[in-house]
Structures are given as structure tokens and as C-alpha cells.
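Per-entry structural report
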Amino acid sequence: MKLSWKTLLLLSLPIIVIGFFLWQGFLAPTTNELNTNIARSRMTYGRFLEYLDMGWIKKVDLYDNGHTAIVEAVGPELGNRIQKIRVELPATVPELIVKLKKANIDLDAHPTKNTSAIWNLIGNLLFPILLILGLAFLFRRSNSSSGGPGQAMSFSKSKALFQMEAKTGIVFNDVAGIDEAKEEFEEVVTFLKKPERFTAVGAKIPKGVLLIGPPGTGKTLLAKAIAGEANVPFFSISGSEFVEMFVGVGASRVRDLFKKAKENAPCIVFIDEIDAVGRQRGTGIGGGNDEREQTLNQLLTEMDGFEGNTGVIVIAATNRADILDSALLRPGRFDRQVSVEIPDFKGRLDILKVHAKNKKMDTGISLSIIARRTPGFSGADLANLLNEAAILTARRRKKYITLNEIDASIDRIVAGMEGTALTDSKSKRLIAYHEIGHAIVGTLLKDHDPVQKVTLIPRGQAKGLTWFTPGEDQNLISRSQILSRIMGALGGRAAEEVVFGDTEVTTGASNDLQQVTSMARQMVTRFGMSNIGPLCLENEESNPFLGRSMGSASEYSDEIAIKIDKQIYQIVEKCYQETVKIIQDNRIIIDRLVDLLIERETIDGKEFKEIINEYTPVPEKEKEVYII
Ligand code: ADP
Ligand code: MG
Ligand code: ZN
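The following refers to the structure shown. Nothing here was measured: the structure is a model prediction, and the numbers come from that model.

1. Some points on the overall build of the chain
Within the chain, the regular secondary structure consists of 22 helices and 14 strands. Here the chain has roughly 33,500 Å² of accessible surface; of this, 55% comes from carbon and sulfur atoms.

2. Quick notes on the site of ligand 1
Inspection of the region around ligand 1 gives 15 residues, with Ala176, Gly216, Lys219, Thr220 and His355 positioned closest. In this structure, an oxygen atom belonging to ligand 1 sits 2.7 Å away from a main-chain N or O atom of Gly216. Measuring from an oxygen atom of ligand 1, one finds a backbone N or O atom of Thr217 at 3.2 Å. When contributions to the shell around ligand 1 are tallied by element, the ones reaching two or more residues are α8 (219-230), α13 (345-356) and α15 (379-395). Per-element tally for the shell around ligand 1: the top contributor is α8, with 3 residues. Across the shell around ligand 1, the residue classes break down as 7 nonpolar, 6 polar and 2 charged. Counting residues domain by domain, the shell around ligand 1 receives three or more from each of domain 3 (161-339) and domain 4 (346-415).

3. Comments concerning the coordination of the zinc ion (ligand 3)
Distances from the zinc ion (ligand 3) to its protein donors, His434 (NE2), His438 (NE2) and Asp512 (OD), fall within 2.1 Å. The sequence pattern formed by the donor residues of the zinc ion (ligand 3) is H-x3-H-x73-D. Here His438 is found in helix α17 (residues 425-444), whereas its partner Asp512 is found in helix α19 (residues 510-525), with 74 residues between them in sequence. Side by side, His438 and Asp512 carry an identical accessibility label, which is buried.

4. As for the packing of aromatic side chains
As enumerated under the stated definition, the model contains 5 aromatic pairs in all. Plain terms: the ring middles of Tyr433 and Phe500 are 5.6 Å apart, the flat faces sit at 85 degrees to each other, and that makes the pair edge-to-face. Residue Tyr433 is located in helix α17, and its partner Phe500 is located in helix α18 (residues 479-500); the two are separated by 67 residues in the primary sequence. The class of Tyr433 is buried, set by a relative accessible area of 5%. Over the aromatic face of Phe345 sits the side chain of Arg372, whose NZ or CZ is 4.2 Å from the ring centroid. Stacked on the ring of Trp467, the Lys or Arg Arg373 has its end atom at 5.6 Å from the ring centre.

5. Considering the packing of α13 against α15
Put simply, α13 and α15 touch, their axes get as near as 9 Å, and they point 45 degrees apart. For the element pair α13 / α15, the angle class is oblique. For the crossing formed where α13 meets α15, the hand is right-handed. Residues Arg348, Ile351, Leu352, His355 and Ala356 of α13 lie in contact with α15, whose contacting residues are Gly379, Leu382, Ala383 and Leu386.

6. As for the environment of Glu418
The topology assignment puts Glu418 in the loop between α16 (403-415) and α17. Through-space distance from the C-alpha of Glu418 to that of Ala462 is 9.6 Å; in sequence the pair is 44 residues apart. In contact with Glu418, not counting residues within four places along its chain, are Ile457, Pro458 and Arg459. Within polar-contact distance, the side chain of Glu418 engages the side chain of Arg459 at 2.9 Å.

7. Here's the deal with the sheet that holds strand β3 (residues 68-73)
On the basis of which strands lie adjacent, the open sheet formed by 5 strands has the order β1-β4-β3-β2-β5 and mixed pairing. Every other strand in the sheet has two partners, leaving β1 (41-43) and β5 (106-109) as the edge strands with one partner each. Sheet twist, expressed as the average angle between the axes of neighbouring strands with direction ignored, equals 25 degrees.

8. Thoughts on the nonpolar core
Ile436, Ile440, Ile486, Ile564, Leu593, Phe608 and Ile612 are the most contacted members of the largest nonpolar core, which totals 49 residues. Tallying contributions element by element places helix α20 (residues 558-585) first for this core, with 9 residues.

9. Points about a nonpolar patch on the surface
On the surface, Leu121, Leu125, Ile129 and Leu133 cluster together to form a nonpolar patch covering roughly 400 Å² of accessible area. Mapping Leu125 onto the fold places it in helix α5 (residues 114-145).

10. Structural notes on the sheet that holds strand β12 (residues 451-455)
In spatial order, the strands read β13-β12-β14; together these 3 strands make up an open sheet with antiparallel pairing. Only two strands of the sheet have a single partner each, and these edge strands are β13 (465-468) and β14 (602-604). Neighbour to neighbour, the strand axes of the sheet diverge by 10 degrees on average, direction disregarded. Sheet topology places β12 next to β14; 3 bridges connect them, and they run antiparallel. Paired with Lys453 across the strands is Asp604, a residue of β14. Along the sheet face, helix α21 (residues 587-600) touches β12 and β14 and points at about 115 degrees away from the line of β14. On top of the sheet, helix α22 (residues 605-615) reaches β12 and β14; it is set at about 80 degrees to β14, its chief contact.

11. A word on the pairing of strand β4 (residues 83-88)
Across 3 bridges, β1 lies against β4 in parallel orientation. Its bridge partner lying in β4, Arg42 is registered against Arg86. Looking at chain direction, β3 and β4 are connected through 6 bridges and run antiparallel. For Ala73, the partnering residue across the bridge sits in β4 and is Gln83.

12. Points about the side chain of Thr455
Note on placement: Thr455 falls in strand β12. Side-chain polar atoms of Thr455 contact the side chain of Thr602, separated by 3.2 Å. Not counting residues within four places of it along the chain, the set of residues in contact with Thr455 comprises Glu435, Gly464, Leu465, Trp467, Leu597, Glu601 and Thr602.

Procedures and definitions
- Residues numbered from 1 in each chain as written.
- Chains lettered and ligands numbered in written order.
- Predicted model: local features only at pLDDT ≥ 70, side-chain atom pairs only at ≥ 80, totals over all residues.
- Heavy atoms only, no water.
- Helix = DSSP H or I, 4+ residues; strand = E, 2+ residues; numbered from the N terminus.
- Areas by Shrake-Rupley, 256 points an atom, 1.4 Å probe, with all protein chains shown as cover.
- Near = heavy atom within 4 Å.
- Polar contact = N/O pair within 3.5 Å; in protein donor to acceptor, adjacent residues only side chain to side chain.
- Nonpolar A, V, L, I, M, F, W, Y, C, P; charged D, E, K, R; others polar.
- Domains from an automatic or database assignment.
- Donors = N, O, S within 2.8 Å, 3.2 Å for Na, K, Ca; no water.
- Buried < 20%, exposed > 50% of the residue type's maximum accessible area, 1.4 Å probe, protein only.
- Phe/Tyr/Trp six-rings, centres within 6.5 Å; stacked < 30°, edge-to-face > 60°.
- Lys NZ or Arg CZ within 6 Å of the ring centre and 35° of its normal.
- Axes fitted to C-alpha atoms, helices over the stretch in contact; angles between N-to-C directions.
- Parallel < 35°, antiparallel > 145°, perpendicular 65-115°, else oblique.
- Left-handed = near helix turned anticlockwise from the far one by under 90°.
- Contact = heavy atoms within 4.5 Å.
- Pairing = 2+ DSSP bridges.
- Core = buried A, V, L, I, M, F, W, Y, C linked by side-chain atoms within 4.5 Å.
- Patch = residues over 30% accessible without salt bridge, like charges linked within 9 Å, V, L, I, M, F, W, Y side chains within 5 Å.
- Salt bridge = Lys/Arg side-chain N within 4 Å of Asp/Glu carboxyl O.

Printed below as a string of C-alpha cells:
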């Protein structure tokens, strides 16, 4: 963005104002002192002399070359309280001084610098002068740049609020793991490079492509890659930048953007977060947003206004296609929709390969192990992971990134910063039992994910942590798996209760219980896994503030609501009993593991399993990968 003089001036105004006050503060101290000392009441010179005779004056401070005095007086007329009173003196009267001295009154004179009056004057004048100059400057500039007087002071005129990159320098090879989306876009590149091929047979080139996907999956990257591959300029703006305080600004920005784009065709116009403007009109709670609607209308008009063949292709990105205005999705606008998903194992591996290229990795490192340990990570998360690991490596003054740094970075990204280990032995013991409780229940249940490691080193909000290796990107989860997860999550509380007794259980399980309740509730209301039967009673969480999906609050009767609650209760209750039993049956192993954990602070999954195996057989699980 180029800073115009106008913006510079606007920016500097507050500095000038602040400067003025500082000036006042530093350069005119004597006046200030006098001003702050100003006694609320005044008295005449004559009265002052009377007071003096009565002995009611306690202190006299002379200011202003002896023209003003602030006196401290006390007396019955003043309610017997010391009060500060201002007196204007005719001049410094020598007799007065003598008199004051005689009466033994505290006397002090505060000289006023001669120059201060001038400084004061300049200080006071400077600010208005600058202001006037500034305003004149603004007027002059806007008049000369845009002819008509109506255009003067048009703050709404957008100045380069979109970015333009002549060359993005990003190619398809930089984008990995989202192959379907990439394929779709290879065609778009051909539209831009060889439009004749399509127009020759009468095909209309699409104007808009909507990219839908969660944050960090590479939508912006992909849009840039198209521009890079096709070697065309890339204009971008974020939807939130359209929505401004002033009505009409958004619409004018849209106009400007398209004007510039058409001048530079063929090119890509990228609108990020289009949901900020493109939200379904007229459903907002608390009244619509005129500004947003105007902007959206302008956008629609612009998109209708140019022919597909002009070479401008609009790519918009959102993570919430469900709330977009249907007018946007009509043919002739964003009629192509491409979804970008969180990458699966292979996708993660490919993304890791892209980002590992410029990193110095230890030769023994296998990217597939990292990919295994990071289900649910987006492309941005993975890029961040490798970068964190590299930073950690540098901090440890190592030459190559090893699995150790990768592991620490994963933990940090997932669970937050590492804290210092507890020293309080009683709560440390309790936390150790809690974590071992999770870990042992998880290990002994066949359908539970295997334990990755157990640790007492706090991270983020958690005082201790049990890590499980999540199964690979499961879309289908069986009932038995959900029940196992519920039991695993209950393992912490169950261990606390069995070992320390009913009265000693702690709040440490609150997060676990929240998960337990949510899982049980979903079993009943969404997955049809209870006695109520295969009914879907609740939809995925929908936020009524975000658009269309309103009024789906309760789709069942009160009677069903009671049944739901009962079922949830039954599921959790039964799971809890089974969990407690597992803990009781394995008390000896648990005690031994707790001692080991307190001594070492971390036990890795492999060793954990081996120890348990000495006492009781551990069921074999799929995909046991241990990172260290
Ligand atoms: P989005 O726009 O979907 O929120 P970005 O495109 O801004 O995500 O992604 C942020 C960063 O994450 C990218 O600059 C890139 O480094 C990395 N990244 C995300 N997805 C991918 C991917 N599929 N392949 C390679 N890098 C990716
Ligand atoms: Mg983005
Ligand atoms: Zn817990």
C-alpha cells in the first residue's frame, strides 16, 4: 500500500495534538503551577490586609512578579479551615513584605520566566495553525486530484485497499495434499492461458469459483498458485475489509477493485472470507446490515456486468458455504464450488514433504511417522509444526531437526506451552493417579486408541496429560469405540475416587466430564445409539447468529427430552461402573506405574504397555506407532 500525503497527514494529526499537550506540560511549568494552585475563592487586596491584621493569614506565595498571591488563610469567616485564596496585588509592595516578615508569615516567591509568556503564546497558536494548514492541504489535494467540488473530502474513496501482486511466485507444486481441488483448478489455468480453446466451441468461461474449506487448508495458497501458474496478476481483498463504518464504502471498493482488475485482465481476483459480505441477506438477528447488503449487491452487479471471456476470474474463499446468500451461488456467478478438506494421512505426508524441503532434517527422520501422529492438522498447522521444530532445534544449538524436536512441537501445538513440573507431592500424586487412570483404561480396552505417552509435565491448562495415538482419520466410529472413549475419559476421575475416596476427588476431571457428556449426548441424539432408536434428534451445532440455520432449537417433544436425559445418564453411569472396576482390578499395576511416573515424569507408550503386559494381557491394537 502506498501512503498518500493525505493519510500521512491524517496520521500525524493525533501526534500534533499530543505534542501540544506535552509542550504545554514541559515548557510552561510556572503558569501551570499557578493554574493548578488556583484557589477557588478570591479576595480583594483590602480584605487581604484586614485578614493580615487579624492574624488569619498563614502563608503567602507570590507569583507573576509579585502581581498575584496565593494565600493560605484560616479564620472563623472561613469555617476555621485552612483555605487557599487568590489575591491580586497592585505590585510588589515593599511595605507588605516587611509586614509579612514581621508577622512571621511563611513567604515564598515563584519567579516567572520572562520567556514563558512568549512560549506560551507560540504553544497556544501552534496547534490551531497546524490544524488550519492541514485542513487547507487536504482540501487542496482532493480538489486538484478529482475535479468536482463534490469530491472534496471524500474519505470514502478507497485507496489501494486491495493488494495486487504482479507475480505470486507460487506454483502448483507448492500446494500438496488437496489433489482434487488442484485438478479442478488446472482447468481454470487453461481458461486463463488459452481462452480461445473454449470460446471457439462456444463455451462460456466461468467467472467465479468458490473455495470452501476450514482455515489453514491452503485456500489462499491455491488461489495464488493459479495466478502463478497462469502467470497473471493476483488481486486480493478480504471480505471483512469491505464492511466498513461508512455506508457506501464497501460498494465503492468493489467497484474500484473490478475496475482495476478489468484494466489488468487476464487476472485473478481473490476475495477472502467472502462470508463477511456474502451472508444470506435479511436473516440477521437485530436487523439487517445495509452496508453489507449494498456491498453484496455491488459485488453481484459487478459479476453480472462482465462477460466471462474478459479474462477476469473471481475466486472467493470461505469456511462457511452454508450461510452464503443463494444469489451468490447462482449460475453465472460462483457457479463452481471446490471444497478443500483437512488433509488425510497421505495429504499430510505430501504437505510435510513440501515444507521439509528447505529444512535440515536428521536423516533418520521419517515424515510418515509425523504424518501418523498428526491427524486433524491442517496444511498451515503442519507448516507451523516444522517451523516450530526448526526454531527449537536452533535454540538447542543442534544442526539437524530430530524427532525429539518434532515431538515437542506437536505437543506444544496441540496442548500449549510446557509449564514447570509440580513439586507439591500430594497433588502430584493425585494427578499421577488421575493420568495413569486414563492411560490404563485406554490401554486395556480393545477399541480404545493406544497410549502414546503419559506425562506429569503441565502444558497449557492441563496439569498432566495422557496422549493417545488417534486412529487414522476415522470417519466411521463404532458404538463400541465411542463407549471406550467415554470410559477412557472417565478413567481419571475413577482412579481418584478408588484411590483417594469419594471425598477427595478434585475438579481436575471437569474437562473430561464435559467430553463424556457430549459424547454420550451425541450417541443418543445424533447417532441413534440408544434405546430411543435410530433417530436424529439434534443437528450439528448451528449458530443462530450466523445466518440461515435458525429455528432448529428443539425438534422433539418434552417427553422425548426426558428420555434423552435418562439415556445419557444410563450410558455414563454404566461406563463409569465398568471403569471403576478396571481400576480396582488393576490396583497393583496402577500403584507401580504411579511410582514410576512420579519418579520419571514421563512414561512412553511402549514401556507403559510392556509393564502392564507383565501382569495382564494387553489387547493388540491397530497402528501402534511410537514416535520415540
Ligand atoms: P487458508 O487460506 O485456507 O486459511 P492458507 O492458504 O493461508 O490457508 O495457508 C496458510 C499456510 O499454510 C500456507 O501459506 C502454507 O504454508 C501452508 N499450507 C496450507 N495448506 C497447504 C497445502 N495444502 N500445501 C502446502 N502448504 C499448505
Ligand atoms: Mg486464507
Ligand atoms: Zn483427565
